[in-house]
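As a plain string of letters, each chain reads:
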Amino acid sequence: QVQLVESGGGLVQPGGSLRLSCAASGSIFSINAMGWYRQAPGKQRELVAAITRGGITNYADFVKGRFTISRDNAKNTVYLQMSSLKPEDSAVYYCNADIRSGSLSYPRNTWGQGTLVTVSS
């Protein structure tokens, strides 16, 4: 059983910063791509940022220059540093990862339970 657990969400004022973390645990052989998605009320879930095992990153246009994704492969953890936050960044942020449980297993796409980020004064 593999699970992703996010932390670091909360209430922050416009212009402020937050750092989200997502740790994978369980039977893990390796983790390929990891990423962060978000879903605001009444909207579809959308990609925020992603990172390969080798550190290649990809960002949605609406967060470029404000958010930074990183990962620690030794800790099976991915981070999202969010700065210059705007009210429109308010959403539930979900961690996603492609995880292999064994050397002969295919990567399984796995979601975390989500962490709420609210940007408001």
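Residues numbered from 1 in each chain as written. Predicted model: local features only at pLDDT ≥ 70, side-chain atom pairs only at ≥ 80, totals over all residues. Heavy atoms only, no water.

Caption draft 1: Structural context of the overall build of the protein chain. Each helix and strand in the protein chain was counted, giving zero helices and 11 strands. If you list the helices and strands of the protein chain from N to C, you get β-β-β-β-β-β-β-β-β-β-β. Since a compact globule built from 121 residues should have a radius of gyration of about 14 Å, the 14 Å found for the protein chain is in line with a globular shape. Expressed along its principal axes, the backbone C-alpha trace of the protein chain runs to roughly 50 × 25 × 25 Å. Within the protein chain, buried positions represent 40% of all 121 residues. (Helix = DSSP H or I, 4+ residues; strand = E, 2+ residues; numbered from the N terminus. Rg over C-alpha atoms; globule rule 2.2 N^0.38 Å. Buried < 20%, exposed > 50% of the residue type's maximum accessible area, 1.4 Å probe, protein only.)

Caption draft 2: Structural context of the pairing of strand β5 (residues 46–51). Sheet analysis places strand β4 (residues 30–39) next to β5, joined by five bridges and oriented antiparallel. Pairing of tyrosine 37 across the sheet is with leucine 47, part of β5. Between the antiparallel neighbours β4 and β5 lie six residues, among them glycine 42 with a positive phi of about 80 degrees. Here β5 runs beside strand β6 (residues 57–59); their pairing, made up of three bridges, is antiparallel. If you follow isoleucine 51 over to β6, its bridge partner there is threonine 57. (Pairing = 2+ DSSP bridges.)

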